[in-house]
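Notes for the structure review
What follows is each chain in one-letter form.
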Amino acid sequence: SDIIIDNDHDGRMDDLSGHGNHGYGALGAADGPEEADSALLFDGAGSRIFVPPSPSLRRSGAVRASLTFRTDGSRHRQTLIEGYLSFAFFIEGDGSLGVGLYRSTEWSGVRSEARTVPAGDWVTASFCYDGLDTCALYLDGRLVGSVHQRLGPAQPVSWPFGLSIGAWPDADQRVFSGRLAEARLWRAPLTSRPFTPT
């Protein structure tokens, strides 16, 4: 699989994968000895990282994302990462972790149980979709949800909103509240073997 986005932020939003998918946004670096040195602060109102559409993001097929973060526990849906008209990875207000895949005019996906994502703790959340029929959610490497539904290839990330980290692509809504240390995204051609969370 190709690593498309590999933002190990260090206070910046550079793509380290070599694909040139650099992120843009006005975010402040978190501080304090208890914080990850490279974490970025999301205010839950207007903070976001925007990655413009690109050829590598427009591949259809399988998709996997992994983010390391600490949420402040907002009671509304918080976007972790969303590809416009492709996929959405999020935390619901009840603390469940969820992923949606866009097909034609509707979204399909899976959610974990409520209170899966703890507020105030550093965690790594991942989802894997094999491009065929299997989608799984993980928290710190532990399976917390899965679904088997033949959806076919994950759609390309579309114009004009591209990829959004920490907010809904269309507007300053569903904004993440907390700290983000790392965000990674993989796109790959169709495969009969699903991605693994690591």
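Now for a look at the structure at hand. (Residues numbered from 1 in each chain as written. Predicted model: local features only at pLDDT ≥ 70, side-chain atom pairs only at ≥ 80, totals over all residues. Heavy atoms only, no water.)

1. Notes on the sheet that holds strand β13 (residues 163–165)
Within the open sheet, the six strands sit side by side as β4-β13-β6-β7-β8-β9. Their pairing is antiparallel. Strands with a single pairing partner mark the edges of an open sheet, and in this sheet they are β4 (49–51) and β9 (106–111). Sheet twist, expressed as the mean angle between neighbouring strand axes with direction ignored, is 20°. Both strand β6 (residues 78–83) and strand β7 (residues 87–91) contribute to a ladder of five bridges, which runs antiparallel. Paired with I81 across the bridge in β7 is F89. (Pairing = 2+ DSSP bridges. Helix = DSSP H or I, 4+ residues; strand = E, 2+ residues; numbered from the N terminus. Axes fitted to C-alpha atoms, helices over the stretch in contact; angles between N-to-C directions.)

2. With respect to the nonpolar core
Nonpolar side chains tend to gather and get buried jointly when the protein is soluble and globular. Among the nonpolar cores identified, the biggest contains 40 residues, and L67, F69 and F89 are the most heavily contacted of them. Those residues within four positions of F69 in sequence are excluded, and the remaining contacts are L80, I91, V117, D121, W122, V123, A125, F176, R179 and L180. (Core = buried A, V, L, I, M, F, W, Y, C linked by side-chain atoms within 4.5 Å. Buried < 20%, exposed > 50% of the residue type's maximum accessible area, 1.4 Å probe, protein only. Contact = heavy atoms within 4.5 Å.)

3. Focus: the side chain of S54
As for its placement among the helices and strands, S54 is situated in the loop between β4 and β5 (62–71). Side-chain polar atoms of S54 contact the side chain of S56, separated by 3.2 Å. (Polar contact = N/O pair within 3.5 Å; in protein donor to acceptor, adjacent residues only side chain to side chain.)

4. Examining unusual backbone geometry
The omega torsion of the bond from W159 to P160 falls at -5°, within 30 degrees of zero and hence cis. Its location among the elements puts P160 in the loop between β12 (142–148) and β13. Unusually for a residue other than glycine, R115 sits at a positive phi of about 60°. Secondary-structure assignment places R115 in the loop between β9 and β10 (123–129). Look at D140: it is not a glycine, yet its phi comes out positive at around 50°. The residue D140 is located in the loop between β11 (134–139) and β12 in this model.

5. Topic: the pairing of β12
Direction of pairing for β11 relative to β12: antiparallel, over a ladder of six bridges. Pairing of L137 across the sheet is with G145, part of β12. Remark: two residues form the turn of the hairpin made by β11 and β12, two consecutive strands paired antiparallel; D140 in that turn has positive phi of roughly 50°.

6. Thoughts on the pattern of salt bridges
Inspection of every chain in the model, using the stated rule, returns six salt bridges. E92 is paired through a salt bridge with R77; the nearest N and O atoms lie 2.7 Å apart. Remark: R77 occurs in the loop between β5 and β6 and E92 occurs in the loop between β7 and β8 (97–103); sequence separation between them is 15 residues. E92 is the salt-bridge partner of R111, the closest N and O atoms lying 3.7 Å from each other. Linking R111 in strand β9 with E92 in the loop between β7 and β8, this pair joins segments that are 19 residues apart in sequence. Within this structure, R77, E92, D94 and R111 form a network of salt bridges that share partners. (Salt bridge = Lys/Arg side-chain N within 4 Å of Asp/Glu carboxyl O.)

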